[in-house]
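Residue-level structure breakdown
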Amino acid sequence: MTADHVDVLIVGAGLSGIGAAYHLRTSCPDRSVAILEARATMGGTWDLFRYPGVRSDSDMHTLGYRFTPWVSEDSIADGPAILDYVKETAAKFDVEKEIRFHHKVVGAEWSSETQRWTVDVERTDTGERAQLTCGFLYHCSGYYNYDAGYTPEFPGREEFAGQVVHPQFWPEDLDYAGKKVVVIGSGATAVTLVPAMAGDAAHVTMLQRSPTYVVSMPRKDPIDRALRSVLPTSVSYPIVRWKNVLTQSLSYQLSRRRPEMMKAVLRKGLERMLPAGYDIDTHFTPRYNPWDERLCLVPDGDLFAALRAGTASVVTDRIAAFTEKGIRLESGAELEADIIVTATGLNLQMFGGCPVSVDGKPVVLAEHLTYKGIMLDGVPNFAYTFGYTNASWTLRADLVAEYVCRLLNVMRARHYAVAVPRNADLAMATKPLLDFQPGYIRRALAALPKQGSHAPWKSRMNYPLELLELRHRPVTDRMRFLKPLPAAPAPAVVAAPVAQPVAGD
C-alpha cells in the first residue's frame, strides 16, 4: 500500500471536476491538486451515456463553463460534442496531468489529530489498493450511481423474448433498424430516444405512466447567431449566457407564482407542434405544476415531428406485465415489441457512494445540515458540487468552485489549517434538501442532508442570488477555523558510544 499527499483532492473528472481544477489552478496556484477518476477517461456523464441522440437538456451557453465559451452553433448539443468540449478545456488549461484514472475512492476519513483526510482508493484496472492524504477533500462525483440505473420490478420480465436495455448501459452493437421498440418513461432520456430511434426503427412507442411537460427549443439560438455575426465570441457569449439565465429564472418564477398561466403558455406551444385534434390532455398534461419536475426540452420539436410523421406514438397507461411478445397494459391492450428500453431513471447517490467519517464516526448525511449547499455542518475541509435542479448544472458548479477557492485563500492568508461549518441554532427548523419531485429525488430524499430555515443553512436554487452570496459575501459566516497543530518535537538524537581500543588491538 502506497500513500502520498496533496493540498486539494478532487474526486471525479467530469464537467464539475475539470471546472474545479481550472479554478484551483488559476485562483490557488500555490496548492497541489490531484483528480481521482474511477473510469478510464474523463467526461463523466458525457462519456458514460452512449444511447442514440444523447444530448444536453440545457442550453450550452449555461451548461458550458463561464471561463471557456461554447463556440459551436448548436445551443442544444449532442453528447460527443459536449465530451469534446470537456476534453478540450482540460487540455487548454493543462489539468489533464493532474488526473489519476482508474482510481475509485472507496473510503475517506478525517483525522483531527493530523488535520487531514486519508482517502482509500481502489484501482479499477488492477484491483490494487492505495491511500492518499489531503488537506481538503472536494467531491465532484455527480449525483447518481454510475454502476446501476433505476429499473422497477416488472412482472413477467423473464417471459419477454426480445431484448431489454437500460439507456445507462447501451449496447454498442444494438440493431434496432426495422424493429418495433417500446421506450418506457417520459423524462429527458425518453423524449431524446424516441425521435432518435424513430428514423430507423419500424415504430417507436413511448409508454408513460403519466405525462411530463415538454417544450420545443431551437437547436441553434437565433440571438446567438445574430450577435456572433457582429461581435467577437468573448463579447457575445456572456450576453447570450445572461439572456438564457434570466429566461430560465423567469420561467421558473412564473411557474411557481402563476402556475396556471405557465400551463397555458406551454399548452399553446403543444397545440402548434402536434397534429390537430391530438389528445394533449391525456399525453402531455401532467398532474403536477410546471417545474415541480424539470421541463423536458426537445430541440427543433423533433419528438413532435416524429409523432406527426407516424414513426412514433405515445401511450399513457400502466404496465400489467411483460409478455413473450411485448407488454400487457392495465387497460387490457398489448404493445408488441422486439426491443424494450427502460428509460426509467437514475439511482441518486452522493459522493459516489463513498463512506465518509470524521474521527472514526461515520457521516450520516441525513443527520447533517448543508452549508450553502456546498459543505456539511460539522465536517471539516470538505466540499461537494450539486448543481441546480431548475437551471444548468454548471452554473452552480462554477460558483461552488469559486467559493472553495475563496475559502482556501482566506485560510492561507490567515494561517488556518481547518474550516468547519458549525450551526449553533439547535432549535432551527429543517426541511428536505430539495423542493423537487422527480422519482429519483423522492426515492433518495430521506437519505440526503437537510437544509435550514435561514442562511447559510438554506439551499438556494437561484443563480442570481447565489452569485452575490457565493462570489461576494464573506466566507467566514458560521465557519469555525483552527490553526495548524504544533509540530511534534523531533526525537532527541542520542550519540552512539565511541568504541574504546581493546588491549592487544
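Some details on the side chain of Thr385
Mapped onto the elements, Thr385 comes out in the loop between strand E21 (382–384) and helix H11 (393–413). Beyond its immediate sequence surroundings of up to four residues, Thr385 is in contact with Ser16, Tyr138, His139, Cys140, Trp393, Ala397 and Val400.

Notes on the packing of aromatic side chains
Here the distance between the centres and the angle between the planes together describe a pair of aromatic rings. By the definition in use, this model includes 27 aromatic pairs. Between Tyr388 and Tyr463 the ring centres are 6.3 Å apart and the planes differ by 90°, which places this aromatic pair in the edge-to-face class. Taken together, the residues Tyr388 in the loop between E21 and H11 and Tyr463 in helix H13 (residues 463–472) connect sequence positions 75 residues apart. Neither residue differs from the other here; Tyr388 and Tyr463 are each classed as buried. An aromatic cluster is defined as three or more aromatic residues linked by ring pairs; in this entry it consists of Phe49, Tyr51, Tyr143, Tyr144, Tyr146, Phe386 and Trp393. Between the NZ or CZ atom of Arg396 and the centre of the ring of Tyr388, over which it lies, the distance is 5.9 Å. Residue placement shows Arg443 over the ring face of Tyr150; its charged tip is 3.4 Å from the ring centre.

Describing the sheet that holds strand E12 (residues 312–316)
The 5 strands are arranged E7-E16-E8-E9-E12 in an open sheet whose pairing can be described as parallel. If you trace the sheet from one side to the other, it starts and ends with strand E7 (163–165) and E12, each paired once. For this sheet, the mean inter-axis angle between neighbouring strands, taken without regard to orientation, is 20°. As paired strands, strand E8 (residues 180–184) and strand E16 (residues 339–342) are joined by 4 bridges and run parallel to one another. Across the sheet, residue Val183 finds its bridge partner in E16, namely Val341. Packed onto the sheet, helix H5 (residues 188–198) meets E8, strand E9 (203–208), E12 and E16 and runs at close to 165° relative to E9.

Considerations on helix H7 (residues 233–257)
For H7, built from 25 residues, the straight-helix expectation of 36 Å at 1.5 Å per residue is met to within 8% by its first-to-last C-alpha distance of 35 Å. Taken residue by residue, H7 has Ser236, Tyr237, Val240, Arg241, Asn244, Val245, Gln248, Ser251, Tyr252 and Ser255 as its buried positions. The elements touched by buried residues of H7 are helix H3 (60–63), helix H4 (79–92), helix H6 (222–228), helix H8 (259–273), H11 and H13.

Some thoughts on unusual backbone geometry
Among all residues save glycine, negative phi is the norm, and among peptide bonds the norm is trans. The amide bond that connects Ala455 to the next residue, Pro456, takes the cis arrangement and shows omega of 0°. For Pro456, the position within the fold is in the loop between strand E24 (450–452) and H13. Here the phi dihedral of Trp291 falls at roughly 70°; this positive angle occurs in a residue that is not glycine. The residue Trp291 is located in the loop between helix H9 (280–283) and strand E11 (296–299) in this model. In this model, His415 sits at a positive phi of 60°, which is unusual for a non-glycine residue. Tracing the backbone through its elements, the reader meets His415 in the loop between H11 and strand E22 (418–421).

Examining a positive patch on the surface
A contiguous patch of positive charge on the surface is contributed by Arg209, Arg287, Arg318, Arg442 and Arg443. If you trace the backbone, Arg442 turns up in helix H12 (residues 439–444). With relative accessibility at 48%, the residue Arg442 sits in the partly exposed group.

Some thoughts on the packing of H5 against helix H10 (residues 302–309)
Between H5 and H10, the least distance of the axes is 9 Å, while the angle of their chain directions is 50°. Classed by the angle they form, the pair H5 and H10 counts as oblique. The way H5 lies across H10 gives a crossing that is left-handed. Between H5 and H10, the contacting residues are Val191, Val194, Pro195 and Ala198 on the first element and Asp302, Leu303 and Ala306 on the second. When the residues that make up the contact of H5 with H10 are grouped by side-chain class, the tally is 6 nonpolar, no polar and 1 charged.

What about the pattern of salt bridges?
Pairs can form between side chains of opposite charge whenever their charged atoms are close. The final tally for this structure, using the stated rule, is 27 salt bridges. For the salt bridge of Asp94 with Lys97, the shortest nitrogen-to-oxygen distance reads 3.2 Å. With relative accessibility at 36%, the residue Asp94 sits in the partly exposed group. Asp300 serves as the salt-bridge partner of Arg219, at 4.0 Å between the closest nitrogen and oxygen. Of this pair, Arg219 sits in the loop between strand E10 (214–217) and H6 while Asp300 sits in the loop between E11 and H10, and the two are 81 residues apart along the sequence.

Quick word on the sheet that holds strand E15 (residues 334–336)
Across the sheet, which stays open at both edges, the 3 strands sit in the order E13-E14-E15 with antiparallel pairing between neighbours. Lying at the two open borders of the sheet, with one neighbouring strand each, are strand E13 (319–322) and E15. Across the sheet, the axes of successive neighbouring strands diverge by a mean angle of 20°, strand direction being ignored. Sheet topology note: the strand E14 (residues 326–329)/E15 ladder contains 3 bridges and is antiparallel. By the bridge assignment, Ile327 is partnered in E15 with Leu335.

Quick look at the pairing of E22
Two faces, one strand: in a regular strand the side chains alternate between the faces of the sheet. The two faces of E22 match: Val418 and Val420 on one face and Ala419 and Pro421 on the other face are all buried. Direction of pairing for E22 relative to strand E25 (residues 479–482): antiparallel, over a ladder of 4 bridges. Paired with Val420 across the bridge in E25 is Arg480.

Concerning H8
Along an α-helix, residues three or four apart share an orientation, since each turn contains 3.6 residues. Its 15 residues give H8 an end-to-end C-alpha distance of 21 Å, which sits within 8% of 21 Å, the value for a rise of 1.5 Å per residue. Within H8 the residues assigned to the buried category are Pro259, Met262, Leu266, Gly269 and Leu270. With its buried residues spanning 100° around the axis, H8 presents them on a single face. Every exposed residue of H8 that faces more than 90 degrees away from the buried side is listed here: Glu260, Lys268 and Arg272. Tucked inside the fold, the buried residues of H8 contact E10, H7, H9 and H10.

Rules and cut-offs
- Residues numbered from 1 in each chain as written.
- Predicted model: local features only at pLDDT ≥ 70, side-chain atom pairs only at ≥ 80, totals over all residues.
- Heavy atoms only, no water.
- Helix = DSSP H or I, 4+ residues; strand = E, 2+ residues; numbered from the N terminus.
- Contact = heavy atoms within 4.5 Å.
- Phe/Tyr/Trp six-rings, centres within 6.5 Å; stacked < 30°, edge-to-face > 60°.
- Buried < 20%, exposed > 50% of the residue type's maximum accessible area, 1.4 Å probe, protein only.
- Lys NZ or Arg CZ within 6 Å of the ring centre and 35° of its normal.
- Pairing = 2+ DSSP bridges.
- Axes fitted to C-alpha atoms, helices over the stretch in contact; angles between N-to-C directions.
- Expected span 1.5 Å × (residues − 1).
- Patch = residues over 30% accessible without salt bridge, like charges linked within 9 Å, V, L, I, M, F, W, Y side chains within 5 Å.
- Areas by Shrake-Rupley, 256 points an atom, 1.4 Å probe, with all protein chains shown as cover.
- Salt bridge = Lys/Arg side-chain N within 4 Å of Asp/Glu carboxyl O.
- Lys, Arg positive; Asp, Glu negative; His and termini not counted.
- Charge placed at Lys NZ, Arg CZ, Asp CG, Glu CD.
- Parallel < 35°, antiparallel > 145°, perpendicular 65-115°, else oblique.
- Left-handed = near helix turned anticlockwise from the far one by under 90°.
- Nonpolar A, V, L, I, M, F, W, Y, C, P; charged D, E, K, R; others polar.
- Arc of directions from axis to C-beta.

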